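As a plain string of letters, each chain reads:
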Amino acid sequence: MLEESRQALALRPGETYCDCTLGGAGHALAIAQDLAPDGLLIGIDQDSSSLTEALLRISQTQLSFHYEILKGNFRDLDTLLLDARVVGLDGILFDLGVSSPQIDLPSRGFSYTQEAPLDMRMDPGTQTLTAAEIIKSSNTADLTRILRSYGEERWASRIAARIARSRATAPLETTTQLAALIREAIPASQRRTGGNPAKRSFQALRIAVNGELDALTRGLDAALRWLNPGGRIVVISYHSLEDRIVKRAFARAAEGCVCPPDQPVCTCNRHPILTTVSKKALRPTSEETENNPRSRSARLRFAVKAGETGAAGAAVG
Ligand SMILES: C[S@@+](CC[C@H](N)C(=O)[O-])C[C@H]1O[C@@H](n2cnc3c(N)ncnc32)[C@H](O)[C@@H]1O
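Since the structure is predicted, the reported quantities are computational estimates derived from the model, not experimental observations. (Residues numbered from 1 in each chain as written. Predicted model: local features only at pLDDT ≥ 70, side-chain atom pairs only at ≥ 80, totals over all residues.)

J.: Tell me about the site of the ligand, residues and numbers included.
T.: Near the ligand there are 20 residues, and of these Thr 21, Gly 23, Gly 26, Asp 47 and Asp 95 occur at the shortest range. Counting residues per element, the ones that place at least two in the shell around the ligand are helix H2 (26–35) and strand E2 (40–45). Within the shell around the ligand, the residues separate by chemical class into six nonpolar, ten polar and four charged. (Near = placed C-beta within 6 Å. Helix = DSSP H or I, 4+ residues; strand = E, 2+ residues; numbered from the N terminus. Nonpolar A, V, L, I, M, F, W, Y, C, P; charged D, E, K, R; others polar.)

Quick look at the structure:
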């Protein structure tokens, strides 16, 4: 949803834009066209290999702009931006989840179709908890909770029980071992719908390994504070748990006075800090999903910080 992001951010030359999920800099480079020649792109990613790829692509572009690449988790956005001496942001993008190179490299352990250790860390240099560790050390109740709450997996307790039975006889260490167990645990009649039966459980483990929902809540909270008046924020999410967090964070920040309507004077002193521009999440076009099937589940929401009127929204809302 690159063009939609670019339109919603509506950056102007000289502005400062922060891409909190830099990945291979696909979005960042397209959006940087709007802030060139003297704008500033701040790119953040917690994965060193994404940063290497992004730096290579940025160094090859003919575009002229300033940039600052920061390694870290956007849950620590305050510290990252303070250390980089940033004073405020005109545009912020979160393109959540894992990148295609991360999924496609079997050794990262994100893919249920390729044999690899059950890793799933987005920042293997810093994080120690892996999916294998969760599988090994969580009791059945905890495993059920993880699969149900982060994967919205209807068969969570059956899968957790199957895992517990299997690991009692031999360690469960690889992606395809786990995918096969999940398949066995789900009733045959239910396996025919909804894609690969391992999809939801793998999503759940990935979210648990990387603390993704907590990072998103904290990252969004900080991002709204760092936006300049009229600044624009865009979030692309890939499953309903993320989208719910974004929707609620935007709605809360767009809320004004909450005093009872018959109260003559406001005592809550709440002022909306956001003008939520997107009423509904935008979805990718059929052309995009044809070219990139992984974009099928994408939902884009954007909002504008109260204050000076931003330029965003008109073309995409
Ligand atoms: C979907 S990809 C972004 C792709 C990017 N928009 C592009 O066009 O190339 C998501 C990226 O965000 C990173 N990421 C995910 N969660 C993060 C977090 N909490 N903090 C920092 N980076 C994160 C991942 O490592 C991955 O590189």
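Don't stop here, the text continues.
J.: Tell me about the environment of Arg 283, and please be specific about residues and values.
T.: Relative to the helices and strands, Arg 283 is located in the loop between strand E6 (274–276) and helix H13 (286–291). The spacing of Arg 283 and Leu 300 is 17 residues in sequence and 6.5 Å in space, taken between C-alpha atoms.

J.: A description of the domain arrangement of the chain should follow, citing residues and the corresponding values.
T.: Domain parsing of the chain yields domain 1 (2–101 + 212–305) and domain 2 (109–210). A C-alpha centroid distance of 30 Å is found between domain 1 and domain 2. Contacts between domain 1 and domain 2 engage nine residues on the former and eight residues on the latter. Its residues placed into classes, the side of domain 1 that touches domain 2 shows three nonpolar, four polar and two charged. (Domains from an automatic or database assignment. Contact = placed C-beta atoms within 7 Å.)

J.: Before we move on, can you summarise unusual backbone geometry with the specific residues and values?
T.: The step from Ala 36 to Pro 37 runs through a cis peptide bond, and the omega angle for that step is 10 degrees. Relative to the helices and strands, Pro 37 is located in the loop between H2 and E2. Positive phi, close to 40 degrees, is recorded for Ala 10, a residue that is not glycine. Within the fold, Ala 10 resides in the loop between helix H1 (2–9) and strand E1 (16–19). Accessibility expressed as a C-beta count within 10 Å gives 21 for Ala 10, which makes it buried. With a phi close to 50 degrees, Glu 152 is a non-glycine residue in the positive phi region. The residue Glu 152 is located in the loop between helix H7 (140–151) and helix H8 (156–169) in this model. (Buried ≥ 20, exposed ≤ 12 C-beta atoms within 10 Å, placed from the backbone.)

J.: With reference to specific residues and values, describe the confidence of the model for the chain.
T.: Per-residue pLDDT for the chain averages 93, and the proportion of residues at 70 or more is 97%. For the stretch residues 310–317, pLDDT sits under 50, and the model shows 23 contacts to residues farther than four places along the chain or on other chains. (pLDDT = per-residue confidence, 0-100.)

J.: Lay out the sheet that holds strand E5 (residues 227–237) with the relevant residues and their values.
T.: Ordered in space as E3-E2-E1-E4-E5-E7-E6, the seven strands form an open sheet in which the pairing is mixed. The sheet is open, and its two edges are formed by strand E3 (66–71) and E6, each paired on a single side. Pairs of neighbouring strands in the sheet enclose a mean axial angle of 15 degrees, with direction left out of account. Packed on one face of the sheet, H1 meets E1, strand E4 (89–95), E5 and strand E7 (299–305) and runs near 165 degrees to E5. (Pairing = 2+ DSSP bridges. Axes fitted to C-alpha atoms, helices over the stretch in contact; angles between N-to-C directions.)

J.: So what's going on with the packing of helix H11 (residues 212–226) against helix H12 (residues 240–254)? Residues and values would help.
T.: Packing of H11 against H12 leaves a shortest axis separation of 10 Å and a crossing angle of 30 degrees. Looking at the two axes, H11 sits roughly parallel to H12. Note on packing geometry: the crossing formed by H11 with H12 is right-handed. Between H11, through Leu 213, Leu 216, Thr 217, Leu 220 and Leu 224, and H12, the contact on the second element is made entirely by Leu 241, Glu 242, Ile 245, Val 246, Ala 249 and Ala 253. Among the residues making up the contact of H11 with H12, the classes are represented as nine nonpolar, one polar and one charged. (Parallel < 35°, antiparallel > 145°, perpendicular 65-115°, else oblique. Left-handed = near helix turned anticlockwise from the far one by under 90°.)

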